[in-house]
2 protein chains.
Amino acid sequence: MEKCTVVFNPSKKSISVKKGANLLEVARKAGIFVDAPCGGRGHCGKCRVKVESGSHRMEFSPLLTEEDIKKGIRLACLTFVEGDMVVEIEEAKNVEDILVEDVKPGDEKSERIKNASRLLEKEGIVKDSGVFIINLELPKPSLDDNVADFERLKRELKIRHNIENVTCSLGVLKSLPKVLRQEDFKIIATLLKSEGVYELLKVEGRENKGAYGICTDVGTTTVAANLVDLSTGEIIASATSGNLQMQYGADIISRIIYASSQEGLEKLRVSIVEGTINRLIKELIKKAKISKEDIVAGVFAGNTTMTHLLLGVDPSYIRLEPYIPVFRECPQIKAKDTGIDINPEANITVLPNVASYVGGDIVSGVLASGLWAEDKNTLFLDLGTNGEIVFGNKDFMLTCACSAGPAFEGGEISCGMRAMPGAIDEVAIDRKTLEPKINVLGDIKPKGICGSGLIDLIAEMFLSGIIDSKGKISGEIKNDRIRYDENLDVMEYVVVWGRESYDGRDITINEIDIDNLLRAKGAVFSGLSVLLKTAGLSVYNLDKIIIAGGIGRNLHIKNAKIIGLLPDIDEKKFNYMGNASLIGAYLCLVYEKAREKAREIADSMTYIELSTYPSYMDEFVSACFLPHTDRSLFPSVISLIK
Amino acid sequence: MEKCTVVFNPSKKSISVKKGANLLEVARKAGIFVDAPCGGRGHCGKCRVKVESGSHRMEFSPLLTEEDIKKGIRLACLTFVEGDMVVEIEEAKNVEDILVEDVKPGDEKSERIKNASRLLEKEGIVKDSGVFIINLELPKPSLDDNVADFERLKRELKIRHNIENVTCSLGVLKSLPKVLRQEDFKIIATLLKSEGVYELLKVEGRENKGAYGICTDVGTTTVAANLVDLSTGEIIASATSGNLQMQYGADIISRIIYASSQEGLEKLRVSIVEGTINRLIKELIKKAKISKEDIVAGVFAGNTTMTHLLLGVDPSYIRLEPYIPVFRECPQIKAKDTGIDINPEANITVLPNVASYVGGDIVSGVLASGLWAEDKNTLFLDLGTNGEIVFGNKDFMLTCACSAGPAFEGGEISCGMRAMPGAIDEVAIDRKTLEPKINVLGDIKPKGICGSGLIDLIAEMFLSGIIDSKGKISGEIKNDRIRYDENLDVMEYVVVWGRESYDGRDITINEIDIDNLLRAKGAVFSGLSVLLKTAGLSVYNLDKIIIAGGIGRNLHIKNAKIIGLLPDIDEKKFNYMGNASLIGAYLCLVYEKAREKAREIADSMTYIELSTYPSYMDEFVSACFLPHTDRSLFPSVISLIK
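Conventions and cut-offs
- Residues numbered from 1 in each chain as written.
- Chains lettered and ligands numbered in written order.
- Predicted model: local features only at pLDDT ≥ 70, side-chain atom pairs only at ≥ 80, totals over all residues.
- Heavy atoms only, no water.
- Helix = DSSP H or I, 4+ residues; strand = E, 2+ residues; numbered from the N terminus.
- Buried < 20%, exposed > 50% of the residue type's maximum accessible area, 1.4 Å probe, protein only.
- Arc of directions from axis to C-beta.
- Contact = heavy atoms within 4.5 Å.
- Pairing = 2+ DSSP bridges.
- Axes fitted to C-alpha atoms, helices over the stretch in contact; angles between N-to-C directions.
- Buried area = accessible area lost by both parts, 1.4 Å probe.
- Salt bridge = Lys/Arg side-chain N within 4 Å of Asp/Glu carboxyl O.
- Polar contact = N/O pair within 3.5 Å; in protein donor to acceptor, adjacent residues only side chain to side chain.
- pLDDT = per-residue confidence, 0-100.
- Least-squares fit on C-alpha atoms with pLDDT ≥ 70 in both.
- Domains from an automatic or database assignment.
- Core = buried A, V, L, I, M, F, W, Y, C linked by side-chain atoms within 4.5 Å.
- Parallel < 35°, antiparallel > 145°, perpendicular 65-115°, else oblique.
- Nonpolar A, V, L, I, M, F, W, Y, C, P; charged D, E, K, R; others polar.
- Patch = residues over 30% accessible without salt bridge, like charges linked within 9 Å, V, L, I, M, F, W, Y side chains within 5 Å.
- Areas by Shrake-Rupley, 256 points an atom, 1.4 Å probe, with all protein chains shown as cover.
- Lys, Arg positive; Asp, Glu negative; His and termini not counted.
- Charge placed at Lys NZ, Arg CZ, Asp CG, Glu CD.

Visitor: Sorry, what's going on with the environment of Lys 432 of chain A here?
Guide: All names here are of chain A. Structurally, Lys 432 is set in the loop between strand S20 (423-429) and strand S21 (436-440). Residue class for Lys 432 comes out exposed when judged on its relative accessible area of 78%. When the C-alpha atoms of Lys 432 and Thr 304 are compared, they prove to be 47 Å apart, with 128 residues separating the residues in sequence.

Visitor: What exactly am I supposed to notice about helix H17 (residues 616-623) of chain A here?
Guide: Residues three or four positions apart in an α-helix share a direction because the helix packs 3.6 residues into each turn. Residues and elements named next belong to chain A. Residues Tyr 616, Glu 619, Phe 620 and Ala 623 constitute the buried set of H17. The buried residues of H17 all sit within an arc of 100° when viewed along its axis, so they share a single face. Residues Met 617 and Asp 618 are exposed on H17 and point more than 90 degrees away from its buried face. Buried positions along H17 lie against helix H13 (511-534).

Visitor: I keep staring at the sheet that holds strand S8 (residues 166-168) of chain A and nothing clicks. Help me out?
Guide: All names here are of chain A. Ordered by their spatial adjacency, four strands build an open sheet running S7-S9-S10-S8, and the pairing between neighbours is mixed. Looking at strand neighbours, the two that pair on one side only are strand S7 (131-137) and S8, the edges of this open sheet. Between one strand axis and the next, the sheet turns by 40° as a mean value, whatever way the strands run. Relative to strand S10 (residues 197-204), strand S9 (residues 186-194) is paired through seven bridges, and the arrangement is antiparallel. Looking at the pairing, Thr 190 lines up with Lys 202 of S10.

Visitor: I'm lost on the sheet that holds S20 of chain A in this one. Help?
Guide: Pairing between the strands of a sheet comes from backbone hydrogen bonds, and it takes one of two forms, parallel or antiparallel. All names here are of chain A. Sheet architecture is open: three strands sit in the order S21-S20-S22, paired in mixed fashion. Where the open sheet ends on each side, the last strands, each with one partner, are S21 and strand S22 (448-449). In this structure, S20 lies alongside S22, joined through two bridges in parallel fashion. Across the sheet, Ile 424 pairs through a bridge with Ile 449, a residue of S22.

Visitor: Would you mind showing me how to read the interface of chain A and chain B here?
Guide: One widely used convention gives an interface's size as the accessible area the parts lose upon coming together. Opposite the 39 residues of chain A that make contact, chain B presents 39 residues. Note on chain A versus chain B: buried area summed over both sides is about 3,300 Å², and carbon and sulfur give 70% of it. Its largest share of buried area at the contact with chain B, chain A owes to Leu 143, Leu 170 and Val 326 of chain A, together 18% of the area lost on that side. Our count for the contact surface shared by chain A and chain B stands at two salt bridges. Note that Lys 336 of chain A is salt-bridged to Asp 337 of chain B, the shortest N-O span being 3.5 Å. Along the contact surface separating chain A from chain B lie 12 residue pairs in polar contact (both at pLDDT 80 or more). Every element with two or more residues in the side of chain A that touches chain B is listed here: helix H4 (149-161), S8, helix H5 (170-182) and helix H10 (335-338) of chain A.

Visitor: Explanation requested: the confidence of the model for chain A in the structure shown.
Guide: Do not read the predicted coordinates in detail wherever pLDDT is low. Across chain A, pLDDT averages 92, with 98% of residues at or above 70. In the predicted complex, the global pTM is 0.86; the interface-specific ipTM is 0.87.

Visitor: Honestly, the relation of the copies chain A and chain B in this entry has me stumped. Any pointers?
Guide: Each of the two chain copies goes to the other by way of a rotation about an axis and a shift along it. Least-squares fitting of chain A to chain B yields an RMSD of 0.1 Å, with the superposition described by an axial translation of 0.0 Å and a rotation of 180°. Taken together, the rotation and translation describe the operation of a two-fold axis. With an isologous cut-off of 70% or more, the 100% of interface residues of chain A that recur at the interface of chain B puts this contact in the isologous class.

Visitor: Can you walk me through the domain arrangement of chain A in this structure?
Guide: Annotation of chain A at the domain level lists domain 1 (3-89), domain 2 (129-204), domain 3 (210-350), domain 4 (370-406 + 518-635) and domain 5 (407-513). A separation of 40 Å is found between the C-alpha centroids of domain 1 of chain A and domain 4 of chain A.

Visitor: What should I look at first to understand the nonpolar core in this one?
Guide: Generally speaking, nonpolar side chains in soluble globular proteins are found buried as a group. All names here are of chain B. Residues Met 461, Ile 509 and Ile 547 are the most contacted members of the largest nonpolar core, which totals 71 residues. At 11 residues, helix H13 (residues 511-534) tops the list of elements feeding residues into this core. Both domains that furnish three or more residues to this core are identified here as domain 4 (370-406 + 518-635) and domain 5 (407-513).

Visitor: Sorry if this is basic, but what is going on with the side chain of Ser 316 of chain B here?
Guide: All names here are of chain B. Its location among the elements puts Ser 316 in helix H9 (residues 316-319). Engagement of the side chain of Ser 316 in a polar contact is seen with the side chain of Asp 314, the distance being 2.6 Å. For Ser 316, the residues in contact, after removing those within four places along its chain, are Ile 256 and Ser 260.

Visitor: Explanation requested: the pairing of strand S21 (residues 397-402) of chain B in the structure shown.
Guide: Walk down a regular strand and you will see the side chains alternate between the two sheet faces. Residues and elements named next belong to chain B. Summarising burial for S21: six of the six residues are buried, a large majority. What you see with S21 is no split at all: Met 397, Thr 399 and Ala 401 on one side and Leu 398, Cys 400 and Cys 402 on the other are buried throughout. In this structure, strand S20 (residues 387-392) lies alongside S21, joined through six bridges in antiparallel fashion. Paired with Val 390 across the strands is Thr 399, a residue of S21. Between the end of S20 and the start of S21, which pair antiparallel, lie four residues. Bridging between S21 and strand S30 (residues 605-607) involves three bridges; their strand directions are parallel. Within S30, the residue paired with Thr 399 across the bridge is Tyr 607.

Visitor: So what exactly am I meant to see when it comes to the packing of helix H7 (residues 264-288) of chain B against helix H8 (residues 304-311) of chain B here?
Guide: The angle between the axes and the distance between the axes are what describe a pair of packed helices. Residue and element names in this part refer to chain B. As a packed pair, H7 and H8 sit with axes 7 Å apart at the nearest point and diverge in direction by 90°. In terms of orientation, H7 and H8 fall into the roughly perpendicular class. Between H7 and H8, the contacting residues are Leu 265, Leu 268, Arg 269, Ile 272, Val 273 and Ile 277 on the first element and Leu 309, Leu 310 and Leu 311 on the second. Per-class residue counts for the contact of H7 with H8 are eight nonpolar, no polar and one charged.

Visitor: Quick question: what am I supposed to make of the environment of Ala 225 of chain B here?
Guide: Residue and element names in this part refer to chain B. Mapped onto the elements, Ala 225 comes out in strand S14 (residues 222-229). Here Ala 225 falls in the buried class, since its relative accessible area comes to 1%. Here the alpha-carbon distance between Ala 225 and Ala 237, two residues 12 residues apart in the chain, equals 8.5 Å. Apart from residues no more than four positions distant in its own chain, Ala 225 is found in contact with Ile 214, Cys 215, Thr 216, Ala 237, Ser 238, Ala 239, Leu 280, Leu 284 and Leu 582.

Visitor: So what exactly am I meant to see when it comes to a positive patch on the surface here?
Guide: On the surface, Lys 3, Lys 18, Lys 29 and Lys 267 of chain A cluster together into a patch of positive charge. Looking at Lys 29 of chain A, the relative accessible area reads 65%, which means it is exposed.

Here it is as structure tokens:
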């Protein structure tokens, strides 16, 4: 078998592979992150690399221009190694970057958490994480008092704190003789109470750092985590990162397919646990100046596929009719069972799923939103990588999943990206000159467009007459920014010229992108229509709409209504909640009883399977127009375009 | 650093080591078992090796004759590598050998277990291991019944068997989707009920092999295990092996000291778990034709130090005043936490200790003996590597540990060995010719003498006048078998001439050996005297004596009385129970409620610390004579020697 050496720049990582190997696979093997939202099927054009030297074979892609090819640009997924190569990997769009933030009292995130906590307490749930931190001074052993170390500790817990039924792991038991004697029998014990049993999580000396918990929203695209001081409920630090599973596909279906490949399941598990979550934890404990053993509880909210992959459980049957997950509610497990790098004895709570496509993140979000205790007819809309919708109030809850795909997080859109520094998050277009006015996150040149920017862009292109109600770009307008892409055989609009962009390439949106966005918004609107119909109601019966998810706080409701993503009702009825799933996970960390409430919520939701719902396809097709084929649903929008 | 290569024959294992390395350590590193009861301190003379070639340095030992040295015989612990060497390891006395046996209904072992079970049931404890094996045919998933795999299984357990509160490990959860579909949703679930929660231990198809448990007596010298079918309580196979920790010292104290050395604790843990217990398990599952996942429960009884080492818990403070173990009662743990190679989710029960030198093996033995339910004044005597004694009845229990050492299991006796094939287990000496008549275990030439043989030998030498009441060999007797050992400067008696022995060397007993045995029996007798005195009673108040432990079933009570090991009372009051600890462990495996009873027994025993008991030293010194300085205690023995 002939072997070739491939060197990747700028990291200079080198790997020896079989001749004929796929360059995307080679990069993954070398531990290099290459963005590949389509999972390496040649559709998305994001796995661009530059071949500096070396023999290789490449399959044709319309996503590369002749100029690209001359420069040595290739799509890694369509390139095969034929000899020793040197390859430059273009900068992946910050997937690996971790953003660590303080959460200060009074800021937006902090206020949302405070509100959600207040709501929970109003419903009678008391703040209690189940974790106890106890100072103990044990009597020193003597010939007359020769009780064993563990029994000595238990005796004191009983006498001083009336705590009985104490257990511990072998790891903690092993640590006892040394720490007791080193600390002269003056120690701090951290215990977790659960169903009447107190588990000793750690025993330390007076230099004890306290007990912390981590709550995490495991999103398909973005993972966000808060480090929480369990004795106060205070958020010490917050961090987000891209989900490193993205290298195996941007959407859930690509990942499920990849999980069935050789070692695919394990690679996906490692990507999320070691590649993403443990890296976040590392940053958080660095910031908080604690050690990983100090994190004694973890709560994880994710969609059904993410929770399966997080635990290394095969998600294959989620994708195949009749769409069966392995578990709805994960049994109680320990950190050491999962590879999550906190105190090995920490309990890991994975919030319960509802069905194959409505997961624990939605349950968590609904918990945080207070929908379950609401009198009003409330719509909860999670616009993340998919689109999940819950409609109801304290008496009933209906839910469905729309296959919106990752478009609102910038996935499968040629110029799309997450809401990170460099993302265009707001766009306005001059009605006459058709020149765009943009806002860019962070103090850098634009790299791409995130969800809220894409919604603005489509709405503004529609209002400016650049696109029609089918999303087609008018060929009749004479403007530099509107041009024909020969390779892809579609029209496109230039949002940012290369000279003003981060990497020197034009940032454009083409008809394929627009089509993807229209199908995404159509999936959401038709989903919510079906839920309302199932309840015998219409959009006019909506008292409240809660918007959550990765779409970003700069979402313009007005524009979302213009493109027909959101119902055309009074803007005052809309609430933006941000990452509701993360807030719910926080609640479950700090309020032990909230976990029970989350289980109740998951149990009481009625799941509507859209793919088998009789009129769903008609609803969907109608909703893929701008704003909708039934214009009577969007009176205020129609008044704007007339 | 100069490196030398040492090759060991006959295995031809080769290892590269630093010049100057100790040969015993080198052999251990090479994974070769060398018997070293004294822990490598040059005292016992058991680590004999033959240097075939190579430069080395050796320290003087009186345990080697000039002839030995000429032949290249060395003590490994006193030999240091100076160049490349070839070394032949003399056969270790079967420490590694595993003896696997059937336990057939009606045989002695089986009857003892039946009696102990009957006794338990008489006291109201119902046979119930807590393990359930359940056949299930799940309805296949459909669009109308799209419940998740785990919830589907739980639903059926609830409907068909009214089983709720079901949990499982991540491992079992991961196995679900495949096994359910492979087996067409017809499965067999094995569950363990514990405190109201049912834990799913395995899910299999119809080829299910059942559910088994393993009960083990972890002795300092010998480890014995039974494989038990949990649905019937039947013992499928039984196996014993030497405890491979013996290479680090025969007695508990040597092992505790070794545990404090660099990585010593881990080496000892690996020796018992991987080297001994897992090897026994491998043989047992081979014999039973099951897989290790089928063993879903484990019960382990051992002395306090052994239970610490089994779990990798530091035993150091057991040896140091005020003699504090780390735990008396080990919390509930899983097989996967311990390295014991059975179903990783199997619960491991370690029977509770009483004090530093009275462990779970004694609690287990007392449970099996029925002493705790007895009206009569009963003495329970465990003659294993130490000597532990319990005295009492259903109203009270006193216990103590005698530092008898491993003499009764053949340890620290030059000709001593365990009761294995090749062991002399009975000896009679002709009063005139002083010729011995021996019985050898198994159909091979004698290799050494085990406990019961040593007791016979001392009694017969005493009755024949070869030794006096101090254990000194008379220099006045003219007989070939009685001779002077110049090296050791002591007299010795030849039991077997080299021409008739297994390895061609004379099997002898010398005055040092006799002294060790007298101190061992003195420790036991003085211990039981103190217990009786503490209760305000004497040997004449004893209604029943139960003898347990490794001393072997061929123990002659008469001879044990002659040497003053056992009280001089009616022979009918003695019962021999064999490995009572293993029987108790069996009970705790098959009767879940017996574990609770064991905890009660451990809690209700009063431990008497002999080392601080006022008159103990006087008692001990008096008891080191043959039979005792207080001859009135042994009327029948005195009548024999007059």
